[in-house]
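# Examining the three-dimensional arrangement
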Amino acid sequence: MSNPYLAPGAALSDAPGDTYQPRVFAWKGRLGRLRYLSYLCCAYLLSMVVLGLAGAALSVARRLPDPASWEMLLSIVFYIPVLGLSLAWAKRRFNDVNRSGWLVLLLVIPVVNFFVGLYLAFAGGSEGANDYGPPPAPNPVLVKIVGLLLPLLIIGGTVAVMYPAIKLAQERMDAGSSSGRL
């Protein structure tokens, strides 16, 4: 005998507007491209700061037998968790485009990893739920700021390094051409 007042037995997790909130330290689920780039940017900036501070501390403490070897050991020890996190994020990014997470192994092949990285950065995710779950929730403001400022930081850093070099080369060319006219 069925009770008409019972809740329906439908699976509510497959509802069309259903999303989930991605976690940073997760292996399963999906990860959008802007969040993926933001997570990578923050992880590598944090690693550079930590390794820079460790290198500065080791250079101050010159009493160690070989500070360069200690810096190398610290960088390897710190790089392993960052590498594990970035592989997990890449796997989740592949899941977002409805591809197998095993494709993350392509990132260890030289030259191929460049094109795979471009694919992960620019490929759009699946609309709605796919084989790997519901889509991630919309990005919060902090993720948007970090993800959108990353290209500006890269372009600004490149210009800051290249502009003086171009000016110096141009001055040398002008000096060389003016001495050749005499």
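Here the structure is shown first, and the text comes after it.
Bear in mind that the values here come from a model prediction, so they are computed numbers and not experimental data.

Here we take up the side chain of serine 47. Within the secondary structure layout, serine 47 lies in helix α1 (residues 33-60). At a separation of 2.8 Å, a polar atom in the side chain of serine 47 contacts the main-chain carbonyl oxygen of tyrosine 44. In this view, serine 47 contacts Phe78 and Val82; residues no more than four positions away in its chain are not counted.

One can find leucine 120 in helix α3 (residues 112-122). Here leucine 120 falls in the buried class, since its relative accessible area comes to 1%. Placed 88 residues apart in sequence, leucine 120 and glycine 32 show a C-alpha to C-alpha distance of 9.3 Å.

Here the focus is the side chain of arginine 93. With respect to the element layout, arginine 93 can be found in helix α2 (residues 67-96). Polar side-chain contacts of arginine 93 include one of 3.5 Å to the backbone oxygen of leucine 31. The residues touching arginine 93, leaving out its near neighbours within four places in the chain, are Leu31, Gly32, Arg33, Tyr36, Leu120, Ala123, Gly124 and Gly125.

Definitions and cut-offs
Residue numbers here run from 1 along each chain, matching the order of that chain's written sequence. It should be noted that, the model being predicted, local features are given only for residues of pLDDT at least 70 and side-chain atom pairs only at 80 or more, the latter also being counted only at that level, while totals for whole chains, interfaces and linings use all residues. Each side-chain value is derived from all of the structure's non-hydrogen atoms; neither hydrogens nor water enter the calculation. Secondary structure counts use DSSP, requiring at least four H or I residues in a row for a helix and at least two E residues in a row for a strand, with both numbered from the N terminus. Polar contacts here mean pairs of N or O atoms no more than 3.5 Å apart (in protein, one a potential hydrogen donor and the other a potential acceptor; neighbouring residues in sequence count only if both atoms are side-chain atoms). The contact criterion used is simple: two residues touch if any of their non-hydrogen atoms lie within 4.5 Å. When accessible area is computed with a 1.4 Å probe and restricted to protein chains, residues below 20% of their type maximum are described as buried, those above 50% as exposed, and intermediate ones as partly exposed.

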